Amino acid sequence: MLQNEIMTETEVESLEKAILDRAFEFPLGIVGFSSFHRYVFAQTPEEKPFAWMRSLDSSDLKFAVVDAFYLNPDYSVYLDDEELRIIGSPSPMDCFILFILRIEVGPPFRIYANMRAPLVLNRQAKKGMQCVLLDTPYKESVMFEFE
Amino acid sequence: MLVLSRKPGESIKLGDQIEVIIIAVEGHRVRIGVNAPRDVRIMRAEVDPSLIQSNRDAAASASKQADHLAKAAASSRQKLVSDNTPKP
């Protein structure tokens with residue numbers, strides 16, 4: 001009979017609640033992964049400023065992400081009313097923008113940032129979406145090469 | 001694939017909740033309306049395949065490069081050799 005392995009119902013529920021309280025909900029998912037809606041962010045101190053966006057709905061799915069303004073201080077994005085509504089109508093103070101990254105260790109070491117489809121998060125409502133920009137000079141794969 | 005013909009004002013339903021309406025034909029363009037639930041993302045198809053691929057490549061590289069994110073962070077604090085950010 002399992003002894004140590006069995007938790008109480010209350011313990012299970014409280015552990016589940018703990019992770020869900022930290023999760024962001026993406027009502028439309030990520031393009032190409034539209035059935036997965038819940039993600040959490042994780043990083044070690046060594047990984048800063050990069051972080052992992054990990055799916056709670058698909059065990060191996062994660063994306064490397066970074067704050068957009070870290071890579072491109074001049075970046076800007078316009079959200080229309082419908083997009084704002086999807087993420088709970090944030091005030092500008094509650095909005096955070098991330099790029100999904102593809103990393104090539106090489107050498108040379110390169111990061112490719114998707115600036116055409118940024119992630120926009122509402123920190124207050126814990127919602128997010130991937131905004132597909134049309135009519136934009138930014139590309140899906142903007143390369144940064146480091147020494 | 002289902003191929004059919006509709007006239008302006010007519011529509012097509014996809015399942016119970018999605019309706020595609022042909023509004024008008026103007027020269028070589030067709031104006032289309034889409035009614036869909038809020039959790040269905042509607043996109044122009046030519047945008048879609050390359051973005052799906054880009055996201056999938058990113059996810060695949062993330063799972064292969066799990067150990068390298070810290071190295072990535074360290075490298076990014078070094079000298080930026082080149083970037084092809086477009087300046088709008």
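Given the structure is predicted, the values throughout are model-derived calculations rather than measurements.

## Looking at helix H1 (residues 9–22) of chain A
Turning to step 1, where the next piece is worked out: With 14 residues, H1 of chain A extends 21 Å from end C-alpha to end C-alpha; this agrees with the ideal 20 Å at 1.5 Å per step.
Turning to step 2, where the next piece is worked out: Counting buried positions over the 14 residues of H1 of chain A gives zero, only a small fraction of the element.

## Topic: helix H2 (residues 69–76) of chain B
Turning to step 1, where the next piece is worked out: Looking only at H2 of chain B, the buried set comprises Leu69, Ala72 and Ser75 of chain B. The arc enclosing the buried residues of H2 of chain B, seen along the axis, measures out at 115 degrees, which places them on a common side.
Turning to step 2, where the next piece is worked out: Where H2 of chain B is buried, its residues contact strand S4 (62–67), strand S5 (95–104), strand S6 (109–113) and strand S9 (142–146) of chain A.

## Re the sheet that holds strand S2 (residues 18–26) of chain B
Residues and elements named next belong to chain B.
Turning to step 1, where the next piece is worked out: Pairing is antiparallel in the open sheet, where three strands are placed in the order S1-S2-S3. Each edge of the open sheet carries a strand with a single partner, namely strand S1 (11–14) and strand S3 (29–35). Strand-to-strand, the axes of this sheet are offset by a mean angle of 25 degrees, without reference to chain direction.
Turning to step 2, where the next piece is worked out: Pairing of S1 with S2, which is carried by four bridges, proceeds in the antiparallel orientation. Bridging across to S2, Lys13 finds its partner in Glu19.

About the cut-offs
Residues numbered from 1 in each chain as written. Chains lettered and ligands numbered in written order. Predicted model: local features only at pLDDT ≥ 70, side-chain atom pairs only at ≥ 80, totals over all residues. Helix = DSSP H or I, 4+ residues; strand = E, 2+ residues; numbered from the N terminus. Expected span 1.5 Å × (residues − 1). Buried ≥ 20, exposed ≤ 12 C-beta atoms within 10 Å, placed from the backbone. Arc of directions from axis to C-beta. Contact = placed C-beta atoms within 7 Å. Pairing = 2+ DSSP bridges. Axes fitted to C-alpha atoms, helices over the stretch in contact; angles between N-to-C directions.

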